[in-house]
Amino acid sequence: MTEIVTPEAIDELVAALAEATPRTRLLAGGTDLVRAIRQPGTEPDVIIDLTGLAELSYVRLDGETLRIGATTTFAELQGDSLVREHALCLGLAAAQVGSAQIRNIGTIGGNIANASPCADSATALTALGAALTTVDGAGSVNTRPIAEVLLGPNRTSLAHNEAITEFSFAALGPEHRSAFAKIGSRTAVSVARLSAALVVRFDAAAGTLADVRVALGAVGGAAFRAAALERALEGRPADEESARLFAEGCVAAVQDSIPGRYSLPYKQHAAVGLAYDAWNGLALISPPCEPAWS
Amino acid sequence: MTDNLQYVGGSYPVHDVAQKVTGELVYGSDFSVPGMLHAKLILSAIPHGIVKRIDASRAEALPGVVKVFTCFNSPMDRFCRARIHPGQDLSPHDETLFSEHVRFVGDRVAAVVATTMATAQAAAALVEVDYEELPPLLTVDDALASDDILVHSTGNVAYEHEVDKGERPDLEGAVIVSSATSTPRVHHAALEPHVCIAQGHSTGGMTVWTTSQGVYAARTVIAELLHMEYHRVRVIKVPMGGSFGGKTEYIIEPVVAFLARETHRAVKLLLDREECMIATMARPATRTSIRTACTPDGELLDFEAATTLDAGAYASSTPDYSIHMCKKVTKVYRVPHYQHRSRAVLTNTPVGGAARGWGAPEMAAATEIHMDRVAAALRLDPVELRLKNMVEPFDTDLVTGLPLGDARVRECLERGAVAFDWAARRARPAGRGRFRRGVGVAAGAHKNGMFGAFPEASNMSLKMNEDGTFELNASLHEVGCGIVTTMKVIVAEVLGVHPDRIAAGEADTATTPFDYGTYGSRVTYVVGACARATAEKVKQRLLAAAADLLKESVTHLYVRDGAVRLRHDDERAIAYRDIARLGEMRHVPSIAASVSYFAVSNPASYSVQFAEVEVDCATGLTAVTDFLAVADVGRAINRGMVEAQYQGAVQMGIGYALYEHLDVDERGRSGIDGFKNYHIVNAPDMPDVQVLLVEHEGDDGPFGAKSVGEIATVPTGPAIVNAVNNALGTELSDLPLVPERIIAALHEPEEVPACSSC
Amino acid sequence: MQLLLTVNGMAHEVEAHPTARLLDVLRDQLGLTGTKEGCAEGECGACTVIVDGRAVNSCVMLAVQARGKKIVTVEGLADDGELDLLQRKFVEYGAVQCGYCTPGMLMSAKALLLANPVPSEQDIRIALAGNLCRCTGYTAIVAAVKAASGQDATPAIVLPGEADELAVEASTDPETLAVVDEVVEAATAELAERGAQAPDDLSSAGPEGGE
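Small disclaimer: the values here were computed from a predicted structure and weren't measured.

Hey, could you run me through the domain arrangement of chain C in this one?
Size of an interface: often given as the accessible area lost when the parts come together. Residue and element names in this part refer to chain C. Looking at the assigned domains, one finds that chain C contains domain 1 (2-76) and domain 2 (85-163). Taken over C-alpha atoms, the centre of domain 1 sits 22 Å from the centre of domain 2. Counting from both sides, the interface comprises 16 residues of domain 1 and, opposite them, 13 residues of domain 2. In total, domain 1 and domain 2 occlude about 1,100 Å² of area from one another, counting both sides; carbon and sulfur atoms represent 66% of this.

How should the interface of chain B and chain A be read in this particular structure?
Facing the 22 residues of chain B at the interface are 22 residues of chain A. Across the chain B/chain A interface, buried area totals approximately 2,000 Å², and carbon plus sulfur atoms make up 55% of it. Ranking the residues of chain B by area buried against chain A places B:Arg434, B:His679 and B:Glu740 at the top, with a combined share of 27%. For the pair chain B and chain A, the interface holds two salt bridges. Between B:Arg434 and A:Asp277 there is a salt bridge, and its shortest N-O distance comes to 2.9 Å.

It is not clear to me how the environment of B:Val494 should be interpreted in this structure. Could you clarify?
Residues and elements named next belong to chain B. Along the polypeptide, valine 494 turns up in helix 14 (residues 483-495). The class of valine 494 is buried, set by a relative accessible area of 4%. The sequence separation of valine 494 and glutamine 6 amounts to 488 residues, and the corresponding C-alpha distance is 9.5 Å. Contacts of valine 494, omitting those with residues within four sequence positions, involve Arg532, Ala535, Glu536, Lys539, Val559 and Phe703.

Explanation requested: the packing of helix 10 (residues 360-378) of chain B against helix 11 (residues 382-389) of chain B in the structure shown.
In a pair of packed helices, the angle between the axes and the distance between the axes together describe the arrangement. All names here are of chain B. Closest axis-to-axis distance for the helix 10/helix 11 pair is 9 Å, and the angle between their directions is 105°. In terms of their interaxial angle, helix 10 and helix 11 are classed as roughly perpendicular. Taking contact as the criterion, the partners of Glu368, Met371, Asp372, Val374, Ala375 and Leu378 in helix 10 are, on helix 11, Pro382, Leu385, Arg386 and Asn389. Among the residues making up the contact of helix 10 with helix 11, the classes are represented as six nonpolar, one polar and three charged.

Before we go on, may I ask you to explain the domain arrangement of chain B in this structure?
All names here are of chain B. In terms of domain boundaries, chain B breaks down into domain 1 (31-134 + 194-270), domain 2 (360-448 + 601-757) and domain 3 (452-598). Computed from C-alpha atoms alone, the centre-to-centre distance between domain 2 and domain 3 is 39 Å. The interface of domain 2 with domain 3 comprises 19 residues on the first partner and 20 residues on the second. Of all residues in domain 2, Ile637, Pro702 and Phe703 give up the largest surface area on contact with domain 3, accounting jointly for 39% of the area buried on that side.

I keep staring at the sheet that holds strand 13 (residues 208-217) of chain A and nothing clicks. Help me out?
All names here are of chain A. Taken in spatial order, the four strands of this open sheet run 11-12-13-14, and their pairing is antiparallel. In this open sheet, the two edge strands, each paired with only one partner strand, are strand 11 (176-183) and strand 14 (224-225). In the sheet, strand 12 (residues 194-203) pairs with strand 13 via eight bridges, with the strands oriented antiparallel. Within the sheet, the bridge partner assigned to phenylalanine 202 lies in strand 13 and is leucine 209. Here helix 5 (residues 88-95) sits on the sheet in contact with strand 11 and strand 12, set at roughly 25° to strand 11. Strands in contact with helix 11 (residues 240-257) are strand 12, strand 13 and strand 14; relative to strand 13, the strand with the most contacts, it is inclined by about 30°.

How do you make sense of the interface of chain B and chain C when you look at a structure like this?
On the chain C side, the residues contacting the 71 residues of chain B number 69 residues. Summed over both partners, the interface of chain B with chain C comes to about 5,900 Å²; 57% of that surface belongs to carbon and sulfur atoms. In this assembly, chain B and chain C are joined by eight salt bridges. Close ionic contact of B:Arg581 with C:Asp181 constitutes a salt bridge, the shortest N to O distance being 3.0 Å. Connecting chain B to chain C are 33 residue pairs in polar contact (both at pLDDT 80 or more). Taken together, the elements giving at least two residues each to the side of chain B that touches chain C come down to helix 1 (17-22), helix 15 (523-550), strand 22 (569-575), helix 16 (576-585) and helix 17 (639-658) of chain B. The biggest single contributor to the side of chain B that touches chain C is helix 17 of chain B, with nine residues.

What counts, and where the lines are drawn
- Residues numbered from 1 in each chain as written.
- Chains lettered and ligands numbered in written order.
- Predicted model: local features only at pLDDT ≥ 70, side-chain atom pairs only at ≥ 80, totals over all residues.
- Heavy atoms only, no water.
- Domains from an automatic or database assignment.
- Contact = heavy atoms within 4.5 Å.
- Buried area = accessible area lost by both parts, 1.4 Å probe.
- Salt bridge = Lys/Arg side-chain N within 4 Å of Asp/Glu carboxyl O.
- Helix = DSSP H or I, 4+ residues; strand = E, 2+ residues; numbered from the N terminus.
- Buried < 20%, exposed > 50% of the residue type's maximum accessible area, 1.4 Å probe, protein only.
- Axes fitted to C-alpha atoms, helices over the stretch in contact; angles between N-to-C directions.
- Parallel < 35°, antiparallel > 145°, perpendicular 65-115°, else oblique.
- Nonpolar A, V, L, I, M, F, W, Y, C, P; charged D, E, K, R; others polar.
- Pairing = 2+ DSSP bridges.
- Polar contact = N/O pair within 3.5 Å; in protein donor to acceptor, adjacent residues only side chain to side chain.

Here it is in structure tokens:
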């Protein structure tokens, strides 16, 4: 029968992780785990229940770094003023995860550990250049970029005795704008078919963009940065032409990431809508940009 | 229109609303009896094959497992899940409790019975099944092309039907228009999963608690299958969380009854969502091609259609469906000549069967999309074209030969076009921006019962209690649309008492008189008429008792507010409870009546619906921004519920047009296992639906009422498709209009993906 | 394992399997079957309960996660038999048909109103986005929630009052009542007299059969 262990402090978590086997599971919100362990034959030997670890639920500005505890829920992220000010694209992504019920209990750590290629938070964290801090059964604390953790669909580099404790990234400043866009099968409560997170630093005097970061999600195995597109936009003015280039670049990135896939004909067109939604989300130009239609 | 009605036309909550908002109501899925066992089905993992071996030893070794029943240790008698009464033979007996020849992914192979649900689930996972795989026929085309691979030994065409009515006129100079429309297989998606409980008693009898829509036919299927006399099988209708036709047919009832008899215990089978979606039944996928000829100014001359339905692995009610799809067009339109060939084709896919509208939504989709094509070809406004061809009140249906009754579809269209501001909206250009708006209209019809096809009748009795309250004894099958309330309101109106003074329960073969059940849009029109007739008879007894006491002629008396009153002297009245006192003491015949009511007609109910959509041409997502449903209801018995039913029906139709489809892949698996990937419209995507009622009280229903529940969803799908086509200048006709189809139509018109389920 | 749960203000000690869902414990062990299972994957919302003031899907939550938290189910809304305002509005606005989604809808709406006492229509629809309904099309439900928040909602359906208010209590006028009483008295006397006669005579004095 499954044993439930509920650590109440980090050292207890480490002790529990020290005993972990490949059949051990970590429980945060439970919205993915509870389903996964109810198939006959998938019962874990131990469930390490993280809901007792209040110290892993926080949003803190630590100098120039924003730190988010792994068991922070999406509802908390959605409503947090630090997130709104320093990581808007993440707050917007959090607001679109599932339904209110899911957001109330689903955690950012659980979502990333589950590593769905469509995870909205992964796209935003990738654009923010987030790093994950983990602790393992030996007590070692490691920090590595999110791209080194998310390896593919439902695959991470996390060991079975390793738990995410924190996400951290350079807090966006007053000159930064960020946006998140998602295309699902419907308006609300839908897994993303495409998602994009866009971060820029806007020089209002010169009207130009710098520190451009573009992350795309739900295409390919995991969210990724469209590096070539970022370079193409670096230093460009915040104008309609840049919006058009951005859209073209998103389409190209989508085409490169899922060649030959059944969904490509749809996604390469829908990527235009995604791009304009994200671009207009930056609110750099008024009125919002429209794609040119034939 | 009669305006001096006291209760009919008001708005009432469902009769058990207090229990529903407190969570007190015991639904089938909540129901239990002491010592009850739990069953779990083992379903075929392959679409076509023969079960060679089942090893249940590990399963049966688990503590708490009673037995594993399989195709090898259970009777292989055949039954038909689509049954209305004994002796009806439209659909074949092609199903067994468990299948040795499995015919779809989801076919029943075995069942575990155990002391707890968890044990049953764990045991089911331990049952090993070896199959010899046979080539599957996953599409209608594959099935039609195959001579040697047969889903059933009787052949892959389950049923064929043809109608040819009227005379083809001279088509010189006529404009010929063709279209082909496909509609998907969809899931009814009632929120409560399928469930049934049965208990085998040591008397040799059995009690079955079912959420199905007809207890008497359930009894027939069970009793015949298990070789039991009818009086030993008691079937009771328990509260259910929605059906929409998905619980009309007897899919799990025979299985649970068998398990209960074999174990001599109570057994409960509760399906999970995935099992509901693939292993029960679905609305069948169809494709219909239509070819019409009409005059250059839009008058229909000739209407030819061909329909193919995907019946899935068992015939179920698709033979009847095939027939009914040929009876839809001529309820709405006049045409000199109508020809329609339809067929139901068996495939190794989930079973198609009864669904809300019974072929009308499917046929309305094809017809109304076609009519818009005709309008475009003739450069006529879609409303104008329809007005040139719609039936008039008291026309005869060309196909059935039955009178259509007080058919007000034309008025629905005219009043709706004004209320929706059709002309102005239609004149607005959609533009060529990212977001494009369009409007569409569609009309549809449905029936009122089965008169003309089956002996259509209902039986009820009504009695008065000693305190002047009443008890209605009828086989009612509440599906959530307020049937029990409707009957109470009708009886209340006749007897002049508030509906809350009338008790009415649901069907029980042991205690309530025979009625077919809730389907065929018969409840308001036939069951309701029976309720009225029964109440009238009771009223006559009340009047007679009062006449006798007061020494007055019955013609001087009337009923109102719980008493019999004197017309010319409003001071005099005798309360019902005092009539009851008389009855106790003075040999006055008891104030009660039993009535068998036979339907005398089967008019059509109509709805015309208008949709406004906004299509995002970048993402292919379509929003329904405005919607009007106009309803020819004859008379609303429960006005609020009529509106509410229309609002819900439109939710279903929007899903049909834009989101829902249950396809199978090349391995016969659906890939859809729940609401995560089968999207029904949720609150953010649902527009506010305006409902406009047209009430002319013609026909023979109670107080002139006609059916509501099914007609409400008939024209919704095509209204939306027509609106999308208006917005985009396209001719899309494959439902649903998922984003892929819209994007492909905009960018690669030659490559629009076709419906993969038929 | 032993769990101490607080449900609808009452503490319960339950013995539960470690991987038991909160939904299972509520329904099977505490007999609170108002919370429903519609999909077992956190999509339909029929299983929604309130945990520490927030709406959650109890079908994707382990019971162990609810330790030390305040759980409210639909059974906890009414106060000593009195429906709460939200429940009353669901009744008045015709927001209930088959009723299977209703407990989940009520709990999501209740949680919304606790956090946002005067929500906009958009707020309501987003809050209910994870509660599926196949019967109502949501219009009456949204109107009911708006009305419960004290905002002037145009009700989709407005209901007449209770039976007691509407129906005039039927009464027999004094003159007629006197006649009835007289008839009843006479009949009572007649029966009493017959009762004193020999049993043989009773065979001819049965009540006329009902028709």
